[in-house]
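Notes for the structure review
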Amino acid sequence: MDLPGYLRIQAHANALSNHRLGLAVAGLGTADWQALRTGFFPGLALTLNHILAVDQYYIGALHRDSDLREKYAAFAPCATGVEWARRQHDSDLRLVVFCDALDAAAIDARVELPRRDHVQRDRTGHVLAHLFNHQTHHRGQAHAMLSGTAVVPPQLDEFMMPSEAHLRRDDMRALGWDETAVFRSDL
């Protein structure tokens with residue numbers, strides 16, 4: 001497998017995991033969505049809004065959007081799990097589109113990340129690796145927090161291998177994807 005193929009699959013796996021997590025948190029009432037819980041960001045709303053805000057910043061940088069710091073500062077948190085699921089879905093699809101178009105040269109392209117006192121410059125591949133790691137880290141915390149609610153935490157880790165297609169068939173259908181398009185020659 002080449003690196004663009006891996007990153008393409010990773011972007012789809014990320015979106016599938018968030019899709020399942022979104023279905024779960026959409027069933028939460030306001031009290032459970034807002035409740036303080038144990039975690040780096042102590043609550044589902046805080047954790048999932050953090051994921052979304054950071055995603056929008058990094059995905060915006062990958063797409064070379066302008067005014068990233070201002071947009072990040074103006075981020076409006078989602079008031080409900082339903083709203084988070086919708087907005088995260090839109091963000092995830094933007095990342096999928098970006099990764100679907102990657103080739104070896106694009107992975108090495110420089111990305112500018114405007115910080116408070118400097119502009120950080122890293123390669124696209126490094127930014128994507130960081131973004132996927134960030135998602136997985138905080139999504140795992142949200143998954144654990146769901147255990148403290150009446151909602152059963154969803155399965156989130158079965159999307160990287162073509163042989164597990166039967167485990168994600170319904171999610172793939174709901175997202176309008178097909179195995180051959182995602183995995184291309186890896187099937």
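Note: the structure precedes this text.
Below, the structure is looked at part by part. Note that the coordinates shown come from a computational prediction; the quantities given were computed from them, not determined experimentally.

One non-glycine residue, Arg 64, lies in the positive phi region at around 65 degrees. In the Ramachandran plot, Asp 67 falls in the positive-phi region, its phi being about 60 degrees despite a non-glycine side chain. Considering the arrangement of structural elements, one finds Asp 67 in the loop between helix 3 (44-62) and helix 4 (68-73). For Asp 67, a relative accessible area of 47% gives the class partly exposed.

The subject of this paragraph is the packing of aromatic side chains. The tally for this structure, following the rule as stated, stands at three aromatic pairs. Plain terms: the ring middles of Phe 40 and Phe 41 are 5.1 Å apart, the flat faces sit at 70 degrees to each other, and that makes the pair edge-to-face. In this structure Phe 41 comes out as partly exposed when scored by relative accessible area, which is 23%. Relative to Tyr 72, the ring of Tyr 57 lies with its centre 5.9 Å away and its plane at 70 degrees, an arrangement referred to as edge-to-face. Note that Tyr 57 is positioned in helix 3 and Tyr 72 in helix 4, a separation of 15 residues in sequence. One aromatic cluster is present, formed by Tyr 57, Tyr 58 and Tyr 72 through successive ring pairs.

So, about the nonpolar core. In globular proteins that are soluble, nonpolar side chains generally tend to be buried together. Counting residues in each nonpolar core, the largest one holds 31 residues, and the members touching the most others are Leu 95, Cys 99, Leu 128 and Trp 177. Breaking this core down by element, the ones donating at least two residues are helix 1 (3-25), helix 3, helix 5 (81-100), strand 1 (110-114), helix 7 (124-146), helix 8 (169-175) and helix 9 (179-183). In this structure Cys 99 touches Leu 7, Arg 8, Ala 11, Leu 128 and Phe 132, once residues within four positions along its chain are discounted.

Direction vectors running N to C along helix 1 and helix 5 enclose 170 degrees, while the axes themselves pass 9 Å from each other. Here helix 1 is positioned roughly antiparallel relative to helix 5, judged by the angle of their axes. The segment helix 1 lies against helix 5, with Leu 7, Arg 8, Ala 11, His 12, Asn 14, Ala 15, Asn 18, Leu 21, Gly 22 and Val 25 engaging Gly 81, Trp 84, Ala 85, Gln 88, Asp 92, Leu 95, Val 96, Cys 99 and Asp 100. Looking at the contact of helix 1 with helix 5 residue by residue, the class counts come to ten nonpolar, six polar and three charged.

About the cut-offs
- Residues numbered from 1 in each chain as written.
- Predicted model: local features only at pLDDT ≥ 70, side-chain atom pairs only at ≥ 80, totals over all residues.
- Heavy atoms only, no water.
- Helix = DSSP H or I, 4+ residues; strand = E, 2+ residues; numbered from the N terminus.
- Buried < 20%, exposed > 50% of the residue type's maximum accessible area, 1.4 Å probe, protein only.
- Phe/Tyr/Trp six-rings, centres within 6.5 Å; stacked < 30°, edge-to-face > 60°.
- Core = buried A, V, L, I, M, F, W, Y, C linked by side-chain atoms within 4.5 Å.
- Contact = heavy atoms within 4.5 Å.
- Axes fitted to C-alpha atoms, helices over the stretch in contact; angles between N-to-C directions.
- Parallel < 35°, antiparallel > 145°, perpendicular 65-115°, else oblique.
- Nonpolar A, V, L, I, M, F, W, Y, C, P; charged D, E, K, R; others polar.

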